Amino acid sequence: MQLMEGEREEILACVKEVLGENSKTNENLIPILQQVQAKLGYLPALAMEKIAEGLDAPAADVYGIATFYNQFRLNPPGKHEVRVCLGTACYMAGGNITLESFERRMEIKEGETTPDRHYSLDRVACVGCCSLAPVVVVDEEVEGKATPTRVDGIMLALEEDRENTGKQESEEGEKSGQN
Amino acid sequence: MKKVGKTDPQKLYEDIREQAREWSQSRQEKPRVLVGTATCGLAAGALQVKEDFMREIEAKGLDAEVIEVGCIGHCYAEPLAIIAKPGFPPVCYGYLDEGLVHRLVEDFLAGDDPSYEYAMAALERNDEFPTFEDFPRGVYEEKLILEHCGHIDFGKIESYISRDGYSALAKALSGDPGRVLEEVKAANLRGRGGAGFPAGKKWESCLENGEAEKYIICNADEGDPGAFMDRSVLESDPHLVLEGMILCAYAVGARQGYLYIRAEYPRAVKHVREALEQAREKGFLGNSILGTDFSFDLEIFQGSGAFICGEATALVNSMEGKMGMPESRPPRLVQEGFRGKPTVLNNVKTFAYVPLIINRGADWFKETGTAESPGTAVFSLVGKVNNTGLVEVPMGTTLRQLIEEVGDGLPNGRQFKAVQIGGPSGGCLPESSLDVPIDFDSLHEAGAIMGSGGLVVMDQDDCMVAVARYFLEFTQHESCGKCTFCRLGTKHMLDILTGITRGEGDAETLELLKELGEDVRDGSLCNLGRTAPNPVLTTLRYFYDEYKAHIEEGRCPALVCRDLILYYIKPSKCSKLCNVCVGSCPTEAIYTRDDGLKAIDQDKCVKCDNCRKACPTEYDAVIRLSPPVLPAEKERKAK
Ligand SMILES: Cc1cc2nc3c(=O)[nH]c(=O)nc-3n(C[C@H](O)[C@H](O)[C@H](O)COP(=O)(O)O)c2cc1C
Ligand code: SF4
Ligand code: SF4
Ligand code: FES
Ligand code: FES
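Reading the values: rules and limits
Residues numbered from 1 in each chain as written. Chains lettered and ligands numbered in written order. Predicted model: local features only at pLDDT ≥ 70, side-chain atom pairs only at ≥ 80, totals over all residues. Heavy atoms only, no water. Helix = DSSP H or I, 4+ residues; strand = E, 2+ residues; numbered from the N terminus. Rg over C-alpha atoms; globule rule 2.2 N^0.38 Å. Buried < 20%, exposed > 50% of the residue type's maximum accessible area, 1.4 Å probe, protein only. Contact = heavy atoms within 4.5 Å. Areas by Shrake-Rupley, 256 points an atom, 1.4 Å probe, with all protein chains shown as cover. Near = heavy atom within 4 Å. Polar contact = N/O pair within 3.5 Å; in protein donor to acceptor, adjacent residues only side chain to side chain. Nonpolar A, V, L, I, M, F, W, Y, C, P; charged D, E, K, R; others polar. Domains from an automatic or database assignment. Salt bridge = Lys/Arg side-chain N within 4 Å of Asp/Glu carboxyl O. Bend = angle between axes of the 7 residues up to and from the residue. Buried area = accessible area lost by both parts, 1.4 Å probe. pLDDT = per-residue confidence, 0-100. Pairing = 2+ DSSP bridges. Patch = residues over 30% accessible without salt bridge, like charges linked within 9 Å, V, L, I, M, F, W, Y side chains within 5 Å. Lys, Arg positive; Asp, Glu negative; His and termini not counted. Charge placed at Lys NZ, Arg CZ, Asp CG, Glu CD. Core = buried A, V, L, I, M, F, W, Y, C linked by side-chain atoms within 4.5 Å.

Here we look at the overall build of chain B
Looking only at helices and strands, chain B features 26 helices and 18 strands. What you see for chain B is a C-alpha radius of gyration of 27 Å, in line with the 26 Å of a compact globule of 639 residues. The dimensions of chain B, computed from C-alpha atoms along their principal axes, are 95 × 65 × 40 Å. Counting across all 639 residues of chain B, residues that qualify as buried make up 60%. Restricting the contact set of chain B to residue pairs at least 6 apart, pairs at least 24 apart contribute 71%. Surface exposure of chain B reaches about 24700 Å², of which carbon and sulfur atoms provide 47%.

Below you can see the structure in the form of structure tokens.
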């Protein structure tokens with residue numbers, strides 16, 4: 001995914017900061033990746049490159065670790081992060097149908113982010129409230145009994161926000177155009 | 001005796017406990033509202049309930065405290081709260097909402113009416129209202145490690161200490177480390193991470209190793225996609241696990257330990273982090289614990305979400321910053337573990353039993369459970385069962401008792417079909433296996449495993465082929481790729497299963513599937529591969545006919561496999577006065593026929609089930625047909 005304006009500088013500064021806070025041993029690779037992801041929301045290729053340089057390790061190793069573990073995401077998170085639970089209880093209650101409904105509405109697949117970075121869609125395993133299956137986590141809020149009809153409701157609220165953001169941006173654009 | 005100078009750990013501890021008890025008593029003088037804010041409580045709106053309580057209490061100018069507690073165990077009735085008011089037994093309420101909170105504050109906290117009509121149960125014996133023990137669930141349940149879950153304030157170490165928390169540590173420190181080991185061995189405590197290996201034996205091998213540097217690790221990776229017991233224990237009663245780990249460290253002579261907690265469990269990480277700080281402050285962790293010359297400290301390592309990292313050797317590899325791949329054993333971890341040093345790795349629950357065993361003795365522990373599997377089993381009970389939640393029953397309880405009594409059976413007359421135990425490494429057992437007692441060995445014989453403690457009840461609407469495919473897809477995805485059988489064998493099996501859910505295959509396919517399963521089981525290095533075929537092999541063994549229906553008739557009896565069903569609106573049931581389903585369909589597949597009834601354009605239908613859910617119950621006109629063949633007459637009329 002393309003970097004946004006100013007993102008490159010942000011990534012470089014973040015990696016530098018995290019590397020400064022940790023001793024540069026391989027044992028710290030996973031904690032370093034976790035800290036960078038916590039700050040940036042994901043692990044851009046550029047960050048992995050710089051971490052590898054910092055630890056004096058082959059970039060392929062860092063990339064290998066990042067792809068091996070499910071926690072690391074290589075796509076930027078959307079403004080709204082939707083995670084669909086596909087743990088056992090949720091799957092049995094139709095979680096995959098819920099996931100598909102989101103895929104259809106967002107026009108992306110599981111694991112992807114929309115080009116405008118408004119949405120990202122992921123799957124998770126058991127969120128710990130199986131009694132409410134199927135469960136989705138929208139940003140940090142857990143929503144129970146998320147059948148496809150509920151998906152429509154959730155999307156309605158999120159879409160409204162998208163339109164508003166879109167408007168604001170174009171207004172801002174107009175304003176700056178005037179100057 | 002491990003004493004330094006004049007300080008006696010027992011004496012020091014008693015002073016600390018005295019203070020904690022004073023704190024706790026002064027707290028108990030006021031009414032308290034304990035709101036369950038474990039993950040499922042949060043999802044059901046516990047924080048809102050907490051706010052409602054605080055607002056109502058303030059509005060009435062009452063002097064009452066609202067405290068967050070962990071998992072109370074009755075998830076089906078979330079949000080839950082316990083009200084403890086001096087002069088009354090503590091009472092638990094479920095299904096809380098704003099109205100009920102208002103009422104409880106007004107009638108019970110401000111007035112003196114506990115509103116028993118809304119109560120679930122009392123928590124102490126009394127003359128007025130039954131306790132949880134008086135219900136069938138309470139008769140079968142026996143809470144050892146969950147005893148304090150949902151009752152103590154996880155954020156305050158005093159809450160734990162005032163209930164004799166850390167007294168096992170004080171007791172142990174007053175004696176020889178060998179006594180701890182002897183007690184754990186005598187108790188025959190078996191590891192709760194799945195395999196049931198005796199903890200005492202493991203500790204002893206580590207001790208005997210003789211190296212000065214040793215490590216203790218708590219496995220809180222909990223990778224089973226349908227289980228949440230370990231997290232609940234860590235979130236609700238973190239000190240119990242810490243105390244168990246410190247006792248283990250004392251027994252084997254370790255100075256440093258780690259809790260390997262998955263990063264997806266931020267609340268567990270937070271609670272444990274706070275607990276560690278408080279334990280250090282009180283002198284239960286760190287240098288010279290309780291004034292003795294025993295020093296030990298603990299750190300958190302956040303796992304990164306790979307199922308395989310729950311496996312002992314893979315876990316250690318990932319802690320060392322490597323790819324989480326298993327190693328062939330020997331050497332075992334107790335010989336060469338973390339950083340090449342002898343290491344004891346145990347599950348969260350295994351450690352949680354240790355303080356109880358040290359306090360009350362091995363004989364007490366063995367009174368519960370069976371001879372070969374003493375103690376209790378903890379499950380997250382989910383699926384088609386009334387009382388979902390976290391349950392703890394003595395080993396030896398039968399599956400039937402667990403489902404019918406503790407779980408209160410299946411909802412509104414649903415028909416039991418199978419129970420899945422042990423997650424991706426476990427199996428599906430049918431009705432005929434329900435009298436199998438729950439213990440490590442009996443479950444293994446029946447083809448399932450004790451495993452991680454996920455227990456999913458399934459009914460006639462659950463397809464066994466789809467379930468087997470679900471778990472295999474999970475393990476296939478999580479296979480670390482080291483063993484050819486595990487990597488390619490599971491892939492091949494998954495392809496076959498996917499085919500079966502589409503109606504492809506014949507009798508030979510099923511035979512091949514079974515053989516592949518056996519090959520993967522026998523040819524893989526670690527237990528991920530060795531147990532991955534279990535869900536497939538058990539369903540083949542117990543639900544062969546269901547597989548056959550898929551491939552011979554192109555029919556999914558549970559109406560789940562989407563390539564084998566179609567959605568159809570029964571003209572005889574559909575109403576002309578209704579068009580609810582039309583708007584519910586995301587692909588505009590539903591149209592109105594010439595006669596005003598609705599019908600589905602099969603080319604557009606994505607089988608999302610929306611219309612079936614939307615159709616009002618008085619009509620129930622949308623049905624699924626399998627095999628996917630339209631009744632002849634309808635199509636003609638349609639276009
Ligand atoms: C694929 C795989 C995943 C595992 N996941 C876990 C886990 O999440 N938690 C756990 O305690 N043990 C897990 N185990 C078992 C551990 O390897 C190990 O046996 C256990 O942590 C030892 O602790 P115990 O003796 O107290 O059970 C897993 C094993 C395998 C093969
Ligand atoms: S199952 Fe879904 S896609 Fe098919 S007709 Fe019903 S609502 Fe439409
Ligand atoms: S919702 Fe049911 S009754 Fe109503 S139009 Fe659709 S199929 Fe007919
Ligand atoms: S399986 Fe989804 S919350 Fe447990
Ligand atoms: S009662 Fe809901 S998490 Fe246990």
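Observations concerning the site of ligand 1
Residue and element names in this part refer to chain B. The environment of ligand 1 is formed by 18 residues, the closest being Gly193, Asn219, Asn346, Asn347 and Thr350. Glu222 is positioned such that a nitrogen or oxygen atom in its backbone is 2.9 Å from an oxygen atom of ligand 1. Here an oxygen atom of ligand 1 and a backbone polar atom of Gly223 are 3.2 Å apart. Burial of ligand 1 by the protein amounts to 87% of the accessible area it has alone, namely 610 Å². For the shell around ligand 1, the secondary-structure elements that each account for two or more residues are strand 9 (343-347) and helix 21 (527-531). The class makeup of the residues in the shell around ligand 1 is four nonpolar, nine polar and five charged.

A closer look at the site of ligand 3
Residues in close proximity to ligand 3 total 13 residues, the closest being Cys574(B), Cys578(B), Cys581(B), Cys615(B) and Tyr619(B). When its residues are assigned to classes, the shell around ligand 3 shows 10 nonpolar, two polar and one charged.

Side note on the domain arrangement of chain A
Domain assignment breaks chain A into domain 1 (7-68) and domain 2 (80-178). Computed over C-alpha atoms only, the centres of domain 1 of chain A and domain 2 of chain A are separated by 28 Å.

A look at the environment of Leu247(B)
All names here are of chain B. Tracing the chain through its elements places Leu247 in helix 11 (residues 238-252). Judged by its relative accessible area of 0%, Leu247 is buried. Through-space distance from the C-alpha of Leu247 to that of Ala614 is 57 Å; in sequence the pair is 367 residues apart. Residues contacting Leu247, with those up to four places away along its chain left out, are Ala168, Leu169, Ala172, Val180, Val354, Pro355 and Ile358.

Notes on the domain arrangement of chain B
Entries for chain B in the domain assignment read domain 1 (28-134), domain 2 (157-365), domain 3 (376-462), domain 4 (465-553) and domain 5 (565-625). For domain 3 of chain B and domain 5 of chain B, the distance between their C-alpha centres works out to 36 Å.

Quick look at the pattern of salt bridges
Going through the model one piece at a time under the given rule, you end up with 56 salt bridges over all chains. Residues Glu53(A) and Lys50(A) are paired through a salt bridge, measuring 3.6 Å at the closest nitrogen-oxygen approach. A residue pair is termed a helical-turn pair when its members lie 3 or 4 positions apart in one helix, as Glu53(A) and Lys50(A) do in helix 3 (residues 45-55) at three residues. Its relative accessible area of 26% is what places Lys50(A) among the partly exposed residues. For Glu98(B), the salt bridge is made with Arg55(B), and the minimal N-O distance between the two is 3.4 Å. With Glu98(B) in helix 4 (residues 98-110) and Arg55(B) in helix 3 (residues 46-59), this residue pair connects regions lying 43 residues apart in the sequence. The network of salt bridges with common partners includes Lys384(B), Arg414(B), Asp459(B), Asp461(B) and Asp462(B).

Observations concerning helix 4 of chain B
The sharpest bend along helix 4 of chain B comes to roughly 25°, located at Leu104(B). Among all positions of helix 4 of chain B, only Leu100(B), Val101(B), Leu104(B), Val105(B), Phe108(B) and Leu109(B) are buried.

Thoughts on the interface of chain B and chain A
Counting from both sides, the interface comprises 50 residues of chain B and, opposite them, 38 residues of chain A. Taken together, both faces of the contact between chain B and chain A bury some 3400 Å²; the carbon and sulfur share is 59%. Looking only at chain B, the three residues that lose the most surface to chain A are Ser304(B), Tyr470(B) and Arg562(B), adding up to 17% of its buried area. On the surface where chain B and chain A come into contact, there are two salt bridges. The salt bridge involving Glu27(A) is made with Arg339(B); its shortest N-O contact spans 2.8 Å. The interface formed by chain B and chain A contains 15 residue pairs in polar contact (both at pLDDT 80 or more). The leading source of residues in the side of chain B that touches chain A is helix 18 (residues 464-478) of chain B, at seven residues. Considered class by class, the residues forming the side of chain B that touches chain A number 27 nonpolar, 13 polar and 10 charged.

Some details on the confidence of the model for chain B
Residue and element names in this part refer to chain B. Mean pLDDT for chain B: 92, with 98% of residues reaching 70 or above. Low pLDDT (under 50) marks residues 634-639, which in the prediction has nine contacts with non-local residues, meaning those over four places away or in another chain. Quick note on the complex model: pTM equals 0.90, ipTM equals 0.84.

Focus on the pairing of strand 6 (residues 215-220) of chain B
Residue and element names in this part refer to chain B. Buried residues dominate strand 6, accounting for six of its six residues. Pairing between strand 6 and strand 9: five bridges, direction parallel. Its bridge partner lying in strand 9, Asn219 is registered against Asn347. Direction of pairing for strand 6 relative to strand 7 (residues 256-262): parallel, over a ladder of six bridges. Paired with Tyr215 across the strands is Gln256, a residue of strand 7.

Describing a negative patch on the surface
Residue and element names in this part refer to chain B. Judged by side-chain charge, Asp506, Glu508, Glu511, Glu515, Asp519 and Glu552 come together as a negatively charged surface patch. Take the negative patch: its biggest share by element is four residues, from helix 20 (residues 507-523). Along the chain, Glu515 turns up in helix 20.

What to know about the side chain of Asn219(B)
Residue and element names in this part refer to chain B. Here Asn219 shows up in strand 6. Of the polar contacts made by the side chain of Asn219, one reaches the backbone nitrogen of Asp221; its length is 3.2 Å. Ignoring any residue separated from it by four or fewer positions in sequence, one finds Asn219 in contact with Asp230, Tyr260, Gly310, Leu315, Leu345, Asn346, Asn347 and Val348.

A word on the nonpolar core
Residues Tyr166(B), Trp203(B), Ile216(B), Leu259(B), Ile261(B), Phe284(B) and Tyr547(B) are the most contacted members of the largest nonpolar core, which totals 128 residues. Residues contacting Trp203(B), with those up to four places away along its chain left out, are Val180(B), Leu181(B), Val184(B), Cys248(B), Ala251(B), Val252(B), Val344(B), Asn346(B), Phe351(B) and Val354(B). If you look at the next biggest cluster of nonpolar residues, it comprises 48 residues, including Ile65(A), Ala66(A), Phe301(B) and Leu333(B).

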